[in-house]
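Working through the structure, step by step
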Amino acid sequence: MSLFTSIRKTGLAVGVLLFAIVTLFAVPVAHAAAGDVKKGEAIYQKRCWWCHGKKGEADGPAAKFLIPPPRDFSLGVYKYKTSDPKVQIPRDEDLFREITTGMVGTGMPKWDDILSEQDRWDVVAYIKSLTDMFGKTPNPPQIDVSKKIKSSPESIEKGKQAFQTAKCYECHGQLGKGDLTKKLKEDSGARVWPRNFTKPWSFRGGYTAEDIFARVSNGIPNTPMPSFAADATSSGKLSVEDRWNVVNYVMSLAEPTSQVKDGQNVIKGLRRDALPKDENDAAWNEAPSTAFYLAPQIIQNDRFFTPTNDLVKVKALYNEQDIAFMIEWDDRTKSIPGDPTAETIAWDTLTPDQIAVQTPIVMSTGSEKPYFGHGDAGHAVSMMVWNSGTTTTPASGTMMDYTGTHKRTQTDPAAAGFSATGSYKDGTWKVMMKRKMVTANKDKDTQFEVGRFIPIAFANWDGSNGEAGSKHTLTVWNWLLLQPPTGKEVYLVPLLVLILLAGGQLVVANMLGKKRK
Amino acid sequence: MQFLKPIIGVLIAYLLIKIGVPFLGSLHHPGTWPVVPTAVMKMYLTFIIAGAFVACTFDEEGYNALITPVVDLYSNPAKAKLRLCAVTAVSLLGCWIAYQYVKPTFDAPVELRSVHPAPPSSVTMWNKSYPLQTLKNPFRAPDKAQLAKFTEEGGVIYYQNCFYCHGDKQDGKGHFAQAFNPMPANFVDVGTIAMLTESFVFWRVGSGGPGLPSEGTPWASAMPVWNTMLSEEEVWKAILFIYDQSGVQPRVTDVVAEKK
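Conventions adopted
Residues numbered from 1 in each chain as written. Chains lettered and ligands numbered in written order. Predicted model: local features only at pLDDT ≥ 70, side-chain atom pairs only at ≥ 80, totals over all residues. Heavy atoms only, no water. Helix = DSSP H or I, 4+ residues; strand = E, 2+ residues; numbered from the N terminus. Buried < 20%, exposed > 50% of the residue type's maximum accessible area, 1.4 Å probe, protein only. Areas by Shrake-Rupley, 256 points an atom, 1.4 Å probe, with all protein chains shown as cover. Lys, Arg positive; Asp, Glu negative; His and termini not counted. Charge placed at Lys NZ, Arg CZ, Asp CG, Glu CD. Rg over C-alpha atoms; globule rule 2.2 N^0.38 Å. Contact = heavy atoms within 4.5 Å. pLDDT = per-residue confidence, 0-100. 1 Å grid on protein atoms, 1.4 Å probe; cavity = no way out; pocket = protein on both sides within 12 Å on 5 of 7 lines; lining within 4 Å. Points joined across faces, edges and corners; volume = space filled by probe spheres on them. Nonpolar A, V, L, I, M, F, W, Y, C, P; charged D, E, K, R; others polar. Pairing = 2+ DSSP bridges. Buried area = accessible area lost by both parts, 1.4 Å probe. Salt bridge = Lys/Arg side-chain N within 4 Å of Asp/Glu carboxyl O. Polar contact = N/O pair within 3.5 Å; in protein donor to acceptor, adjacent residues only side chain to side chain. Axes fitted to C-alpha atoms, helices over the stretch in contact; angles between N-to-C directions. Parallel < 35°, antiparallel > 145°, perpendicular 65-115°, else oblique.

**Thoughts on the overall build of chain A**
- When its secondary structure is counted, chain A shows eleven helices and 14 strands.
- Based on the C-alpha atoms only, the size of chain A along its principal axes is roughly 90 × 85 × 50 Å.
- Relative to its full complement of 517 residues, chain A shows a buried share of 50%.
- Within the structure as shown, chain A displays about 24,700 Å² of accessible surface, and the carbon and sulfur contribution to it stands at 59%.
- A gap of 6 Å separates the mean positions of the 63 positive and 57 negative side-chain charges of chain A.

Structure below.
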């Protein structure tokens, strides 16, 4: 056997083996399996009824605390369907997928970790039995995805135009951040906010091109998000080709900095001789940004369960005299009480948008900190707040101290050299806050120290979402580190160590050599 | 070759901490890769290296076996080239370690937290004092139907107050959980309510994060102070539910054990 044939034979064997492995493990897109309604009912009545209700009517004890509300299975209307646009009902695989993956940002969790595949099919069979919408109709065919257009600059450009002609921007905003121009409701009357396309992780029906194509083609039933399939009866229709282009455009809007990075909880403050003039100064562009999740204030009465804003992004720059923060957050609404458009979009009473920055007044030496919510009796915190104002009162900044939730005293912003400016554009608030690094008022103001880890926390109010007073979103303690300018010791110390070690070893070698002789 | 042993030993220990620990963690919580923080790693390595040195130089023989090749390297005229290499390598290594220490970083400080600090012997909530040693869940009724009723009432309380953080699956991954640090407790994990008595849990739920002693970092815990928002009965029923739904048993009280 020549070397050549043996190589070929090995190649063939490896090929066959690879093929076998691939076919063995290639998991086909879940195929509808027959579910057992009785078994599904048992699972449902243990796990699901708390939200979806004992009869599937979306009236479980948790339902009234959730926006979006849980799905009402008695209606048989599902949001995330991939069936052909001509068919009203979803495919069994759609229900299976949502149960498997859950729906980010809603109460609906993913169930694949505790329910087996068969369990999930059983529960699908059960929830289908709660409505007569499905009747005897067989599982509908999937929407045709064979004409997929690969993403390319041209396709994205065409998609951008389709985004305009189909008027996606009326709800999703010019830059896709969901900054809507009119109030939107689910058919049930519940409030609904359009998706922010810069945050792929917030998509609820999957983030592959096929998923989004199905969404654009089918719309999202039960919500104002219309179907754009050409044969649908909606106002803005798009051809199959344009729907693929708009999908590519939507996916091109993803913004990596609008994602919280695991374990990164330090704001990296850099030194600059001159600080930015305002929040739109280009000098901010090179400052590193750190993102933090917001959670609603569900810790003390009055609690608040249905937030809209999900994260803040923060940058910091400083010099000898001053420190400047840049706080950015995507907010679908510019909440200015008195503004007619803002008034019509708002749910509940319209109040101004606000952002607050909290830092301890006394830095402890150990790990001890003030309580993250407004400090506590023994540990005061300082708060800088910016308020977007109304049509009659301008936007403004204030400073105060807290020693517990309702224990507040105003402090003198002028003494701290405090100023705050903010502006709203295309679905994003940018607010810059500036103050002195150190002040004369050591027991009233935080003293910012270079090179020290300073605890820092944030709170945010979306005034169009009924957020005011104790109803707001917040972060827990994170860190701010003002990086010391790279001193000479960074080079000198290693150099010194190098010289000492080399010299020391040579001396020792010399001594040992003499001894040996 | 004697002097290679401790080096290999330290290397294995390093790999165990660097890869082994996160691997075990990932088995326990699939989908995660919990690395050991750099500062903790440095601390462990210091101990391990010191330990390895002590172990190897414990007796005269071991000491000699370790030290002779080194002395030889630094004094043997025939090994001049190798010696130069060793001197350069050691010096550069020292230089690099020194640089790691002084270079500017943004690594957050490590904060250790005692997850289950010792409870007080009694606690005052709802204007009443509860002796934690002997406290029992008054709703753990012997009657099955009654117990089921109380448990379901507890479920309603759980789904109106707790699941945002502790999750529908009691796994600590409610839809707002990701914003909190420490993360909400995972009740299906063996390390939480399964190893606690109901009275301990009652203390924790009733007095919340701020009720912890300082080793439990009360300033960081988002666990609400439930005695200000729920009644005593509601807390007991919620506790019935979290045990039942997560399928674990409370630890029986220490008092029983002490009597023996």
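Back to the text.
**Some details on the overall build of chain B**
- Across its full length, chain B holds nine helices and two strands.
- Ordered by position from the N terminus, the helices and strands of chain B form the series α-α-α-α-β-β-α-α-α-α-α.
- A compact globule built from 260 residues would reach a C-alpha radius of gyration of about 18 Å, whereas chain B, at 27 Å, exceeds it by more than 25%.
- Principal axes of the C-alpha set define a box for chain B whose edges measure 90 × 50 × 35 Å.
- Per-residue burial for chain B yields a buried fraction of 43% across its 260 residues.
- For chain B, the proportion of contacts with a sequence separation of at least 24, taken over those separated by at least 6, is 57%.
- By element, 66% of the accessible surface of chain B is carried by carbon and sulfur atoms, the whole surface being about 14,500 Å².
- In chain B, which carries 20 positive and 20 negative side-chain charges, the distance between the mean positions of the two groups comes to 6 Å.

**As for the confidence of the model for chain B**
Residue and element names in this part refer to chain B.
- Looking at chain B, pLDDT values average 87 and 95% of them are 70 or higher.
- Note that residues 255-260 has pLDDT below 50 and, in this model, two contacts with residues that lie over four places away or in other chains.
- As scored by the predictor, the complex reaches a pTM of 0.85 and an ipTM of 0.85.

**Points about the layout of surface pockets**
Residues and elements named next belong to chain A.
- Approximately 660 Å³ is the volume found for the second largest pocket.
- What lines the second largest pocket is a set of 33 residues, among which His374, Met383, Tyr402, Trp461 and His472 lie closest to the centre.
- Broken down by secondary-structure element, the contributors of at least two residues to the lining of the second largest pocket are strand S6 (354-360), strand S7 (381-387), strand S8 (396-402), strand S9 (408-410) and strand S12 (453-461).
- In terms of residue count, S8 provides more of the lining of the second largest pocket than any other element does, five residues in total.
- Among the residues forming the lining of the second largest pocket, the class breakdown is 14 nonpolar, 18 polar and one charged.

**Observations regarding empty space enclosed by the protein**
Residues and elements named next belong to chain A.
- Applying the stated criterion across every chain yields a total of two cavities of 30 Å³ or more.
- Quantified by volume, the largest cavity comes out at close to 460 Å³.
- Lining the largest cavity are 30 residues, with His52, Arg71, Phe73, Met103 and Met108 positioned closest to its centre.
- Counting only elements with at least two residues in the lining of the largest cavity, the list comes to helix H2 (37-47), helix H3 (49-52), helix H4 (92-101) and helix H5 (117-128).
- For the lining of the largest cavity, the leading source of residues is H4, giving four residues.
- In terms of residue class, the lining of the largest cavity is made up of 20 nonpolar, three polar and seven charged.
- Its volume calculated, the second largest cavity comes out at about 60 Å³.
- For the lining of the second largest cavity, the per-class residue count stands at no nonpolar, three polar and five charged.

**A closer look at the pairing of S7(A)**
All names here are of chain A.
- Burial of S7 is extensive: six of the seven residues sit out of reach of the surface.
- Strand direction decides the pairing type here: S6 and S7, joined by seven bridges, are antiparallel. Within the sheet, the bridge partner assigned to Pro360 lies in S7 and is Val381.
- Note: S7 against S8, seven bridges, orientation antiparallel. Bridge pairing in S8 links Val385 to Thr398.

**A look at the interface of chain A and chain B**
- With 62 residues of chain A at the contact, the number on the chain B side is 57 residues.
- Of all residues in chain A, the largest losses of buried area upon contact with chain B belong to Trp50(A), Gln505(A) and Arg516(A), amounting jointly to 13% of the total for that side.
- The tally of links from chain A across to chain B stands at three salt bridges.
- For Glu111(B), the salt bridge identified is with Lys369(A), shortest N-O distance 2.9 Å.
- The interface formed by chain A and chain B contains twelve residue pairs in polar contact (both at pLDDT 80 or more).
- Elements represented by at least two residues in the side of chain A that touches chain B include exactly H2, H3, strand S1 (266-271), strand S3 (295-296), strand S14 (478-482) and helix H11 (489-516) of chain A.
- For the side of chain A that touches chain B, the class distribution of residues is 39 nonpolar, eleven polar and twelve charged.

**Considering the packing of helix H6 (residues 153-165) of chain A against helix H9 (residues 240-252) of chain A**
All names here are of chain A.
- Close contact between H6 and H9 brings their axes to 7 Å; oriented N to C, the two are set at 100 degrees. Judged by the angle between their axes, H6 and H9 are roughly perpendicular. Residues Ser155, Ile156, Lys158, Gly159, Lys160, Ala162 and Phe163 of H6 pack against Glu241, Asp242, Asn245, Val246, Asn248, Tyr249 and Ser252 of H9.

**As for the pairing of strand S2 (residues 290-293) of chain A**
All names here are of chain A.
- Here S2 shows two buried faces, one formed by Thr290 and Phe292 and the other by Ala291 and Tyr293.
- Where S2 and strand S4 (residues 311-318) come together, four bridges link them in antiparallel fashion. Counted as the bridge partner of Ala291 is Lys313 from S4.

**Let's talk about helix H8 (residues 209-218) of chain A**
Residue and element names in this part refer to chain A.
- Here H8 lies mainly inside the structure; nine of its ten residues are buried.
- Ala209, Asp211, Ile212, Phe213, Ala214, Arg215, Val216, Ser217 and Asn218 are the residues of H8 that are buried.
- Note on H8: the residue one or two positions beyond its end, Gly219, has a positive phi of about 70 degrees.

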